[in-house]
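Here is how the chains run, residue by residue.
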Amino acid sequence: MNHHQKLAYYFILALCSSSFLALLSVLLFFLCRNHPHRQLPDETPPPAKPSARPHTLIDIYTATEGFSHRRVIGEGRLGTVYAALSETGELIAVKRIYPWLILSNNNAGFGFSSVIKSLSSAQHPNLISITGYAEAPGERIIVMEYAGVVNLDMYLHQNPDGAFLLNWKHRVKIAAGAARGLQYLHESMAPSVIHGCVKPSNILIDAEFIPKLSDYGLNYLAAREKRGLVGYVDDEYWKAKGEQGNCKENDVYGFGVVLLELLSGRGCEEGWLVKWALPLIKEMRFSEVFDPRIEYPSDLKPLMRMGKVALACVGNCRKSRPVIGQVVAILNNLETQVCV
Ligand SMILES: Nc1ncnc2c1ncn2[C@@H]1O[C@H](COP(=O)(O)OP(=O)(O)OP(=O)(O)O)[C@@H](O)[C@H]1O
């Protein structure tokens, strides 16, 4: 063996020796520990879930100019909604729960802040986010993202001269987006959130026709309040006496009614729409169902499919209704067909 061969031989020997390997692994361990870009997946902190911020009543009073009537956007089943200005000058929406709901219903006062904090962890492009709250004797206030003033009810039913009629693309886009928002509440929140009042006035529409569900998870504030719910909940909801009837299947029913309104352009008027549309869809008489104010699309199949989904959602038996995830799968597909 010449000198070079000897060197190579010793080098290979040293490489193979266990002590060398042990030394190498210790060295590597320390190198990795000190590396600035080291990122071990199990050590990455989970993204912080936003939590609603408490406000004082004085903050809210200032933001709404003393609950001025000039700032009122609308009145709902649970309270008055104001367009307000945050301390940073941002537009926000403030919902002031009616005092009589708080006084007449023990539930409304109980655990308000924890309910709102838990709802505020919902973050989805098709949901209005809840950013804060205020609580005082006789006062319960919810602070939300402001989403313009237009809701789906206005587009469909408060548009007498048809100046702002939604075309079929917009309608399919709104249906699919709203379904995704509802799916997030049902399937991605833990514990899952029941919307409780799925209807067009709770679907806010932005300038790009992106729908955002509002008013979710708040039925406990007024479980027995019928106003605003009739037509959008199933028969079992009333039989179960309010809050106990609040369930995912009932949300799917409300969503089915919304689909019928999008297809027909007609209002739900206390369940009349479902009774009217069901036989027509079953008998495939779609031309009588579709909104006569807008032109028929060249391909009717996607809308007929949407009609069938609506039919399944408003079925009598809760158990036989689709879950919202199934509805989303179909509507996403229709959206890619219609809205390209
Ligand atoms: N975050 C928001 N941004 C902008 N407008 C909103 C917001 N939340 C609600 N609104 C508007 O305020 C009005 C009242 O809404 P609210 O949800 O209280 O009542 P509703 O939908 O008419 O009835 P219900 O209380 O039965 O759901 C509606 O016109 C709605 O479009």
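As a reminder, the structure under discussion sits directly above these lines.
What you see is a predicted model; the values in this text were computed from it and never measured. (Residues numbered from 1 in each chain as written. Predicted model: local features only at pLDDT ≥ 70, side-chain atom pairs only at ≥ 80, totals over all residues. Heavy atoms only, no water.)

Caption draft 1: Region of interest: the layout of surface pockets. Approximately 580 Å³ is the volume attributed to the largest pocket. Counting residues per element, the lining of the largest pocket draws most heavily on strand β2 (residues 72-75), which supplies 3 residues. Its residues assigned to classes, the lining of the largest pocket shows 12 nonpolar, 9 polar and 8 charged. Quantified by volume, the second largest pocket comes out at close to 370 Å³. Lining the second largest pocket are 19 residues, with Asp235, Tyr253, Val274, Lys275 and Asn316 positioned closest to its centre. Elements with a contribution of two residues or more to the lining of the second largest pocket: α9 (235-239) and α11 (272-282). Broken down by class, the residue content of the lining of the second largest pocket amounts to 7 nonpolar, 4 polar and 8 charged. (1 Å grid on protein atoms, 1.4 Å probe; cavity = no way out; pocket = protein on both sides within 12 Å on 5 of 7 lines; lining within 4 Å. Points joined across faces, edges and corners; volume = space filled by probe spheres on them. Helix = DSSP H or I, 4+ residues; strand = E, 2+ residues; numbered from the N terminus. Nonpolar A, V, L, I, M, F, W, Y, C, P; charged D, E, K, R; others polar.)

Caption draft 2: Expanded view of the pattern of salt bridges. Counting across every chain of the model gives 15 salt bridges. Across the salt bridge formed by arginine 180 and glutamate 335, the nearest N and O atoms sit 2.9 Å from each other. In this pair, arginine 180 is assigned in helix α8 (residues 168-188) and glutamate 335 in helix α14 (residues 324-338), connecting sequence segments 155 residues apart. A single salt-bridge network, built from bridges that share partners, covers Asp234, Glu236, Arg318 and Arg321. (Salt bridge = Lys/Arg side-chain N within 4 Å of Asp/Glu carboxyl O.)

Caption draft 3: Representation of the site of the ligand within the structure. Taken together, the neighbourhood of the ligand is formed by 22 residues, with Arg77, Glu145, Lys199, Ser201 and Asp215 sitting nearest. Residue glutamate 145 places a main-chain N or O atom 2.8 Å away from a nitrogen atom belonging to the ligand. Put simply, the ligand lies in the largest pocket. For the shell around the ligand, the element with the most residues is β2, which contributes 3 residues. Class assignment for the residues of the shell around the ligand results in 10 nonpolar, 6 polar and 6 charged. (Near = heavy atom within 4 Å. Polar contact = N/O pair within 3.5 Å; in protein donor to acceptor, adjacent residues only side chain to side chain. Sits in = over half its atoms within 2 Å of the grid points.)

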